[in-house]
Each structure stands twice: as structure tokens, then as C-alpha cells.
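Each chain, letter by letter, is given below.
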Amino acid sequence: MPTYSPELNRIETLWRMMKHRWLDAFHRTQEKLEQDIQHIFDNFGRLYTLNFFEKTSYS
């Protein structure tokens, strides 16, 4: 296995999906960001899911 392989680390995939797909790119307060992240965690598996078999590429 390579020294660093984020595509094989599930938490790296989760954070990437949160940053690039589930969180809108706009200015927000720290409190609003924490609320948005908590919303994702509370609804993970129902509204937000990961598909490890889907091939995606991020630059």
C-alpha cells in the first residue's frame, strides 16, 4: 500500500464529500458551519451516503 492513499481512507472520503458536494461554498460563521456539519452527521445514512464503488475524481 502507498505511504499516503486518501482514496482508501473512509474519513478522507467523507470529508471530501462534505466539502465538495454537501456543503455550499459560501461565507458562513463558525457557528453556522458547525450546525451544517452536525446536520450532515445527524442525517448520515439517510440523506447523505457514501458509495465506495462509484469512481470519482477530484483535483
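Definitions and cut-offs
- Residues numbered from 1 in each chain as written.
- Predicted model: local features only at pLDDT ≥ 70, side-chain atom pairs only at ≥ 80, totals over all residues.
- Heavy atoms only, no water.
- Core = buried A, V, L, I, M, F, W, Y, C linked by side-chain atoms within 4.5 Å.
- Buried < 20%, exposed > 50% of the residue type's maximum accessible area, 1.4 Å probe, protein only.
- Helix = DSSP H or I, 4+ residues; strand = E, 2+ residues; numbered from the N terminus.
- Contact = heavy atoms within 4.5 Å.
- Salt bridge = Lys/Arg side-chain N within 4 Å of Asp/Glu carboxyl O.

Peer 1: Mind showing me how you'd approach the nonpolar core here?
Peer 2: Across soluble globular proteins, nonpolar side chains show a tendency to be buried alongside one another. Membership of the largest hydrophobic core is limited to seven residues, which are Leu14, Met17, Met18, Trp22, Leu23, Ile40 and Tyr48. Sorting elements by how many residues they give to this core places helix α1 (residues 10-22) first, with four residues. Beyond its immediate sequence surroundings of up to four residues, Leu23 is in contact with Met18, Arg28, Leu33, Asp36, Ile37 and Ile40.

Peer 1: Even after reading the chapter, I still don't get the pattern of salt bridges, so can you show me in this structure?
Peer 2: Oppositely charged side chains may form a pair once their charged atoms are brought near each other. Counted under the stated rule, the structure contains one salt bridge. Notably, a salt bridge pairs Asp36 with Lys32, separated by 2.9 Å at the nearest N-O pair. Of the two residues, Asp36 and Lys32 are both situated in helix α2 (residues 30-42); the distance of four residues between them amounts to about one turn of the helix. A relative accessible area of 35% places Lys32 in the partly exposed class.

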